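A look at the structure
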Amino acid sequence: MRARLRVGALASGRGSNLRALIEACRAPDYPCEIALVLVNVPGAPALDIARAAGISARLIDHREFASRAAFDAGLDAALRAAKIDIVCLAGFMRLLSPGFVAAWEGRVLNIHPSLLPAFKGLDTHRRALEAGVAIHGCTVHLVTAGLDEGPILARAEVAVRPGDDVESLAARVLEAEHLLYPKTLREFARARLAEAAVTPPR
Ligand code: GAR
């Protein structure tokens, strides 16, 4: 049995979830290594975070591609060249095309800043506050063709406090994300490694 799966992380911005995954992978018994980071936004801090950690990292700017499918083919080629087993979206703010999702079915994880199925899409903290929910949080799920609709792997609840604004709530949810994502990836990867064979993507 292999000891570690090769993770490819996709990011678009600040990269704090990427940093949390990188730090988790430092533990000798963690069942993954971040083998490649792909960033689609020039100047995104996530690229520097990956490089500072000594991880192979590339900018693949979606604006340089004629279509979403062409951009996703670029991602796919880079991931396959690096022999990636699992893809982790870490603040990756692009929809993936149906072809990419089908090829990587069951091996793309995403972290979303709400308790799915509530508040799919963007601006989740503002919408949660406006809806007056008492409990908000974050979700790690498998990526399918529908936006934020794939099977849920794990969720973490965050209580909304009186006086919370978008910033204070977002900060507490982000703290929860940084715990939930590494923990869920660990469990997911352990289960995959325990399967008879880790097969390559379609
Ligand atoms: C995180 O809150 C993540 O859950 C969210 O973007 C933020 C990225 O922060 N992702 C989405 O909204 C995906 N649709 P980070 O770059 O510091 O990890």
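In case you missed it, the structure is sitting above this.
Presented here is a report on the structure given in the accompanying data block.

Definitions and limits used
- Residues numbered from 1 in each chain as written.
- Predicted model: local features only at pLDDT ≥ 70, side-chain atom pairs only at ≥ 80, totals over all residues.
- Heavy atoms only, no water.
- Near = heavy atom within 4 Å.
- Polar contact = N/O pair within 3.5 Å; in protein donor to acceptor, adjacent residues only side chain to side chain.
- Areas by Shrake-Rupley, 256 points an atom, 1.4 Å probe, with all protein chains shown as cover.
- 1 Å grid on protein atoms, 1.4 Å probe; cavity = no way out; pocket = protein on both sides within 12 Å on 5 of 7 lines; lining within 4 Å.
- Sits in = over half its atoms within 2 Å of the grid points.
- Helix = DSSP H or I, 4+ residues; strand = E, 2+ residues; numbered from the N terminus.
- Nonpolar A, V, L, I, M, F, W, Y, C, P; charged D, E, K, R; others polar.
- Buried < 20%, exposed > 50% of the residue type's maximum accessible area, 1.4 Å probe, protein only.
- Arc of directions from axis to C-beta.
- Contact = heavy atoms within 4.5 Å.

All right, on to the site of the ligand then. Around the ligand, the neighbouring residues are R14, G15, S16, N17, G91, M93, I111, H112, P113, L174 and E177. At a separation of 2.6 Å, an oxygen atom of the ligand approaches a polar side-chain atom of R14. At 2.5 Å from an oxygen atom of the ligand is found a side-chain nitrogen or oxygen belonging to S16. For the ligand, whose unbound accessible area comes to 450 Å², protein coverage reaches 87%. Taking a 2 Å distance to the grid points as the criterion, the majority of the atoms of the ligand fall inside the largest pocket. Every element with two or more residues in the shell around the ligand is listed here: α1 (16-25), β5 (108-112) and α6 (166-194). When its residues are assigned to classes, the shell around the ligand shows four nonpolar, five polar and two charged.

For helix α2 (residues 45-52), the set of buried residues is A46, L47, I49 and A50. Buried residues in α2, looked at end-on, bunch into an arc of 165 degrees, giving them a common side. Those residues of α2 that are exposed and aimed more than 90 degrees away from the buried face are D48 and A52. For α2, the elements touching its buried residues are β1 (5-11), α1, β2 (32-39) and β3 (57-59). Looking one or two places after α2, you find G54, whose phi comes out positive at around 80 degrees.

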